[in-house]
Amino acid sequence: MNANELRDKTPDELRDQLVQLKKEAFNLRFQQATGQIENTARMRTVRRDVARIKTVLNQKAADAASAE
């Protein structure tokens, strides 16, 4: 996932994607705790994607606030 791709999306789309990624992160943590996780690198990518989405959402909120 690229930050430029995220900037093209609407805030609602970003929030939906954020919810999906947080659910996936929860499931991955659960799999890790039970020893069933297959791709441990996925946890890192999900965590970073969540951070990217939050950053873009905050940037969009700051742009909207400064435009008023």
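Residues numbered from 1 in each chain as written. Predicted model: local features only at pLDDT ≥ 70, side-chain atom pairs only at ≥ 80, totals over all residues. Heavy atoms only, no water.

- The name an unreviewed UniProt entry gives the chain is Large ribosomal subunit protein uL29, with Thalassococcus halodurans as the organism.
- The record held by UniProt for the chain lists under Sequence similarities (unreviewed entry) the comment "Belongs to the universal ribosomal protein uL29 family." (UniProt positions renumbered as here; feature names shortened; annotations may be inferred.)

**Notes on the environment of Glu-13**
Alright, step 1. When you line up the elements, Glu-13 lands in helix 2 (residues 11-34).
Alright, step 2. It is 20 Å that separates the C-alpha atoms of Glu-13 and Ala-65, two residues lying 52 residues apart in sequence. (Helix = DSSP H or I, 4+ residues; strand = E, 2+ residues; numbered from the N terminus.)

**Side note on the nonpolar core**
Alright, step 1. Counting 13 residues, the largest nonpolar core has Leu-14 and Ile-53 as its most contacted members.
Alright, step 2. Contributing elements (two or more residues each) for this core: helix 2 and helix 3 (41-67).
Alright, step 3. The dominant element in this core, judged by the number of residues it contributes, is helix 3, at 6 residues.
Alright, step 4. Other than its neighbours up to four places away in sequence, Leu-14 contacts Leu-6, Lys-9, Ile-53, Val-56, Leu-57 and Lys-60. (Core = buried A, V, L, I, M, F, W, Y, C linked by side-chain atoms within 4.5 Å. Buried < 20%, exposed > 50% of the residue type's maximum accessible area, 1.4 Å probe, protein only. Contact = heavy atoms within 4.5 Å.)

**Some words on helix 3**
Alright, step 1. Here helix 3 spans 39 Å end to end across 27 residues, near enough to the 39 Å set by a 1.5 Å rise per residue.
Alright, step 2. Taken residue by residue, helix 3 has Met-43, Val-46, Asp-49, Val-50, Ile-53, Val-56 and Leu-57 as its buried positions. (Expected span 1.5 Å × (residues − 1).)

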